[in-house]
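Spelled out, the chains give:
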Amino acid sequence: MLSKPHRLRKTKDFLTVYQQGRRHNSAVLSLRVYQRPYSEGNIPPIRIGISVSQKVSKHAVVRNRLKRQLRAACSQLLPQMKAGRDIVLVVRPTALKCSYQQFLQQLKQLFTQAEILHGH
RNA sequence: AGAGUAGGCGCAGGUGGUUGCAAAUUUACCUUGAGGUAAAUUUGAGGAAAGUCCGGGCUCCCGAAAGAUCAGACUUGCUGGGUAACGCCCAGUGCGGGUGACCGUGAGGAGAGUGCCACAGAAACAUACCGCCGAUGGCGUGCUGGUCACGCACAGGUAAGGGUGCAAGGGUGCGGUAAGAGCGCACCAGCAACGUCGAGAGGCGUUGGCUCGGUAAACCCCGGUGGGGAGCAAGGCAGAUGGAGCCAGGUUGGUCUUUUUCCAGCUCCAGCUUUUGAGGCCGCUUGAGGCAUUUGGUAACAAAUGACCCAGAUAGAUAACCGCCCCCUUGUGAUUCGCCAGUCUUGGCUUUGCCAAAACGACGCUGACCACAAGGAGAACAGAACCCGGCUUAUGUCCUGCUCUUUCA
RNA sequence: GGACGCAUAGCUCAGUUGGUUAGAGCACCACGUUGACAUCGUGGGGGUCCCCCGUUCGAGUCGGGGUGUGUCCA
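In this report, we go over the structure that sits alongside the text.

The rules behind each value
- Residues numbered from 1 in each chain as written.
- Chains lettered and ligands numbered in written order.
- Predicted model: local features only at pLDDT ≥ 70, side-chain atom pairs only at ≥ 80, totals over all residues.
- Heavy atoms only, no water.
- Core = buried A, V, L, I, M, F, W, Y, C linked by side-chain atoms within 4.5 Å.
- Buried < 20%, exposed > 50% of the residue type's maximum accessible area, 1.4 Å probe, protein only.
- Helix = DSSP H or I, 4+ residues; strand = E, 2+ residues; numbered from the N terminus.
- Contact = heavy atoms within 4.5 Å.
- Pairing = 2+ DSSP bridges.
- Right-handed = clockwise from strand over helix to strand, strands pointing away.

Judged by nonpolar contacts, the single largest core of 29 residues is most densely connected at L31, M81, I87, V91, L107, F111 and I116. For this core, the elements supplying multiple residues, two or more each, are strand 2 (29–35), strand 3 (47–51), helix 2 (60–77), strand 4 (85–91) and helix 3 (100–113). In contact with L107, other than residues within four places in its own chain, are L29, L70, A73, C74, L77 and L89. Grouped together as the second largest cluster of nonpolar side chains are 5 residues, L8, V17, Y34 and V88 included.

Printed below as a string of structure tokens:
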């Protein structure tokens, strides 16, 4: 579970990311990144939101499990990530068959594409 | 062994490691304060949390004074009990199903009224199509001239038989009759009255007149309940925003030389996305609470006593990943038990043999058990969202009682 | 979270108090018309009335349960 400052919580924030963020897609996930404006020397922390619609699965148990696995994968990658971004992960129905290792791999690939990780 | 049936105040993986989340409490530090940070401890989904099908608590609105009766509306429907209440639960009755354990039951009234019962059929609350009869009356013929015989099927009688249909108006049998008919009788079904048993639904018995179609998950009648509606996205508080009103008092502060004006002020209303925000705080978890013991009750359940506090999230916590145990399948090995050709001892008898008991037991079988290896599944259904009591639906596994069938003793 | 509605032919919809073979338009097929196509005319095929259980002689319709799908509430 991510700690509170790293969670994206408000509907307004989600809308901002959807409307103004850049998109990166893969087979199982859709990533949107929004660079928040900030003053020099006061960089806000990165915030991550995960969206799983009812189209993915009708059962809340399955949706919650997907969100928990993705959160765990994100928290593992969190120390390598640049601050000041808002990220929304949209889960696609193909994600139902993925394991934790596959999620981790997909996230690394997407974050590299979006140039969020340090050292790239 | 197989098949089935009922119940459970049965369980809902365990354990170790790494990385993490939420709440409460305590301690420390920071902060004017609200609060924040860190550490430790404790706690952290369900039997259905689900469907939202019922019943409540709680909150607001309308309305009224809610006590009684009537009308309307709503709801319910065998009996008795339980419950805060229920359409729920328990115990029983009737009916239906099953070989049985047992199961199902929307089970008041069609003998208050209205409607409907298509097609078929003559007729679906009132009837004669075919058929049967034609005793009685009518017409004709005959001669024995009658209380006659024969014929006709005109009046008429008839629900036995045929045919139609889900259904034709109690059923079967005997008598009876012109033919028939509860017309008479016996048994059965059903109805009513009486007696008796039962708290009651009803059970049993006797007698009676002989009999009445189905449908109320059609309208309805009878009985029963009791203001209506919305729902925690109810509703309340604070805050910033907009609009309207008040300048009574005061002239405090800012703008200004002064006055006027405007903004802060107070009241009301609206509504809350673009720098706290499609929501901050409360409601929000102590409750018809669960647990243990005893007592009452066939049971549902109730009472008393004791100790207990047991989720409160809000893009939504209670977890993610990796091992081991446990479970299943396959293979290998091992020897302990089991089965088996047979050997031997004892005993009995119908004595070249048979039977019974005990011991040993090759080659094997793999049945149980053990070890190792490989593979599979990580449990099934499923995630609290104001809270309780039920119902319904989904679902893995364990235990117990009972029934039927087959085989062996 | 809560409150409601809908499901009938490939598509859009009717279906009366339960009644006999469930209809309409578009689409599809065949034939006619045309040199050919379109239009037009005639005829035809196509239905798990979303699923299960019940009431009834008889259910698209009535009662109960389930599934799918959509709308509204700050």
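Moving on from the coordinates now.
Taken across its 7 residues, strand 4 has 6 buried, putting it largely inside the fold. The sheet contact formed by strand 3 and strand 4 spans 5 bridges and is parallel. Bridged to G49 within strand 4 is V88. Chirality of the crossover, the property in question, places the unit of strand 3, helix 2 and strand 4 among those that are left-handed.

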